[in-house]
Amino acid sequence: MFAHEFMRNALIAGTFVGLACGLVGYFVVLRAQVFAGDALSHVAFTGALAAAVLGLDIRAGLFTATILGGILLGALGDRARADDVAIGTVFAWTLGLGVLFLSIFKTKSSAGNGTAGVRILFGSIFGLSAGDVRVSVALAALASIALLTIARPLLFASLDSAVALARGVPVRALGLGFLAVVGLVAAEASQAVGALLLLGLLAAPAGTAHRLTTNPFRGLLLSAALSVASVWIGLTLSYEFPTLPPSSMIIGSAVGIYALGVVASAARVRPRPIADS
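This next bit is on the overall build of the protein chain. Helix and strand counts for the protein chain come out as 12 helices and 0 strands. Expressed as a percentage of the 277 residues in the protein chain, the buried residues total 47%. Taking the intrachain contacts of the protein chain between residues at least 6 apart in sequence as the baseline, contacts between residues at least 24 apart amount to 77%. For the protein chain, the accessible area works out to roughly 12900 Å², and carbon and sulfur atoms hold 69% of it.

Written out as structure tokens, the structure reads:
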């Protein structure tokens, strides 16, 4: 499969997207902000549709909406930590806008734009050009570096925000910066697995890592590795069985790995029978 340019492009872009999703996803799960990731997936779709309706580049709308959406979620929450009320409010507002833009989009769109809408929802990783790959690699690397730069103070603020604030850690700024990075990664992952499925790549590998280790930095590394593995396994399955969509196979692989992690963690903590004396 490495002889095909579309597969090489998919594997290169997918590796970096998976790396970014794994790193960011670890803190999304740690900070109990999985619902925020789900909301940003709908923000991504709405932003892309808005750009399409306005005749702008879809990627510009996608990235602008998700990054600003992440910052908005943090600004509405306590100490920039998006709560269920803030997320639910933005979620409902975004869905309303999405319905509006979808209605306009359907009346104005040509066949080509209709295809673009499907790609936003379900991803188009096999359709990435060399230029798309370069952009994906650059943005995913930027998000990963930004996350690793703030990882230690973000970990402190995530585990005990009150103590971290008392020790001079800029908890609110970290929260806003983190959600902006989540928005960037959500937009980038939408191009690979689609807005409807990106939550699986953010949450499943990270959830597996949390089950298998309590060491945060080991868990961070494991989450990234499992996310990249999910991408490679999913793309390989989709190549071997062409009727299977790559985005579905990527998420299916991530969920399958999570299921194995649940079994492994349950087996590890199972109490041993006490031998008869």
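Next, the rest of the story.
Roughly 240 Å³ of internal volume is contained in the second largest pocket. Residue lining of the second largest pocket: 17 residues in total, with V43, T46, G47, A65 and W93 positioned closest to the centre. Put simply, the parts of the chain that give the lining of the second largest pocket at least two residues each are α2 (34-53), α3 (58-76) and α4 (84-108). With 6 residues, α3 is the single largest residue contributor to the lining of the second largest pocket. The residue inventory of the lining of the second largest pocket, partitioned by class, reads 11 nonpolar, 6 polar and no charged.

Next up on the list: unusual backbone geometry. A positive phi angle is found at A32, which is not glycine, with a value near 55°. Within the fold, A32 resides in the loop between α1 (5-30) and α2.

This part takes up α1. Taking 1.5 Å of rise per residue, the 26 residues of α1 would be expected to cover 38 Å, and the 37 Å separating its terminal C-alpha atoms lies within 8% of that figure. Once α1 finishes, A32 follows within two positions and takes phi at roughly 55°, a positive value.

Let's shift gears to empty space enclosed by the protein. Applying the stated criterion across every chain, the model contains 1 cavity of 30 Å³ or more. Within this model, the largest cavity holds a volume of roughly 40 Å³. Lining the largest cavity we find A13, G14, V17, I125, L128, S136, E188, Q191 and A192. If you list the elements that add at least two residues to the lining of the largest cavity, you get α1 and α9 (171-193). When its residues are assigned to classes, the lining of the largest cavity shows 5 nonpolar, 3 polar and 1 charged.

All right, on to the confidence of the model for the protein chain then. When pLDDT is averaged across the protein chain, the result is 83; 87% of the residues are at 70 or more. The secondary-structure element of the protein chain with the lowest mean pLDDT is helix α5 (residues 111-122), recorded at 57, while helix α11 (residues 216-240) shows the highest, at 94.

Turning our eyes to something else, we now look at the side chain of S265. By secondary structure assignment, the location of S265 is in helix α12 (residues 246-269). Reaching out from S265, the side chain makes a polar contact with the backbone oxygen of V262 at a distance of 3.0 Å. Setting aside anything within four residues of it in sequence, one finds S265 in contact with R211 and L212.

Turning to helix α7 (residues 151-159), its buried residues are A151, L154, L155, A157 and S158. Down the axis of α7, the smallest arc covering the buried residues is 170°, so these residues share one side. Opposite the buried face of α7, by more than 90 degrees, sit the exposed residues R152 and L159. Each element contacted by the buried residues of α7 is listed here: α1, α6 (130-149), α8 (161-166), α9 and α11.

Moving on, we come to the environment of L198. Locating L198 in the fold gives a position in helix α10 (residues 198-212). For L198, a relative accessible area of 0% translates into the label buried. The sequence separation of L198 and I250 amounts to 52 residues, and the corresponding C-alpha distance is 9.9 Å. Residues within four places of L198 in sequence aside, it is in contact with G37, S41, A186, A189, S190 and V193.

The next subject is the packing of α3 against α9. Between α3 and α9, the least distance of the axes is 8 Å, while the angle of their chain directions is 150°. Considering their axes alone, α3 and α9 lie roughly antiparallel with respect to each other. Judged by the twist between their axes, the crossing of α3 over α9 is right-handed. Across from R59, L62, F63, T66, I67, G70, I71, L73, G74 and A75 in α3, the residues of α9 making contact are R172, L176, L179, A180, G183, L184, A187, E188, S190 and Q191. Among the residues making up the contact of α3 with α9, the classes are represented as 11 nonpolar, 6 polar and 3 charged.

Ranked by internal contacts, the top residues of the largest apolar core, which has 60 residues, are V24, F27, F178, V185 and L235. In terms of residues, this core owes the most to one element, α9, which gives 13 residues. Of all hydrophobic cores here, the second largest spans 7 residues; its members include L49, A50, A52 and F101.

Rules of the game
Residues numbered from 1 in each chain as written. Predicted model: local features only at pLDDT ≥ 70, side-chain atom pairs only at ≥ 80, totals over all residues. Heavy atoms only, no water. Helix = DSSP H or I, 4+ residues; strand = E, 2+ residues; numbered from the N terminus. Buried < 20%, exposed > 50% of the residue type's maximum accessible area, 1.4 Å probe, protein only. Contact = heavy atoms within 4.5 Å. Areas by Shrake-Rupley, 256 points an atom, 1.4 Å probe, with all protein chains shown as cover. 1 Å grid on protein atoms, 1.4 Å probe; cavity = no way out; pocket = protein on both sides within 12 Å on 5 of 7 lines; lining within 4 Å. Points joined across faces, edges and corners; volume = space filled by probe spheres on them. Nonpolar A, V, L, I, M, F, W, Y, C, P; charged D, E, K, R; others polar. Expected span 1.5 Å × (residues − 1). pLDDT = per-residue confidence, 0-100. Polar contact = N/O pair within 3.5 Å; in protein donor to acceptor, adjacent residues only side chain to side chain. Arc of directions from axis to C-beta. Axes fitted to C-alpha atoms, helices over the stretch in contact; angles between N-to-C directions. Parallel < 35°, antiparallel > 145°, perpendicular 65-115°, else oblique. Left-handed = near helix turned anticlockwise from the far one by under 90°. Core = buried A, V, L, I, M, F, W, Y, C linked by side-chain atoms within 4.5 Å.

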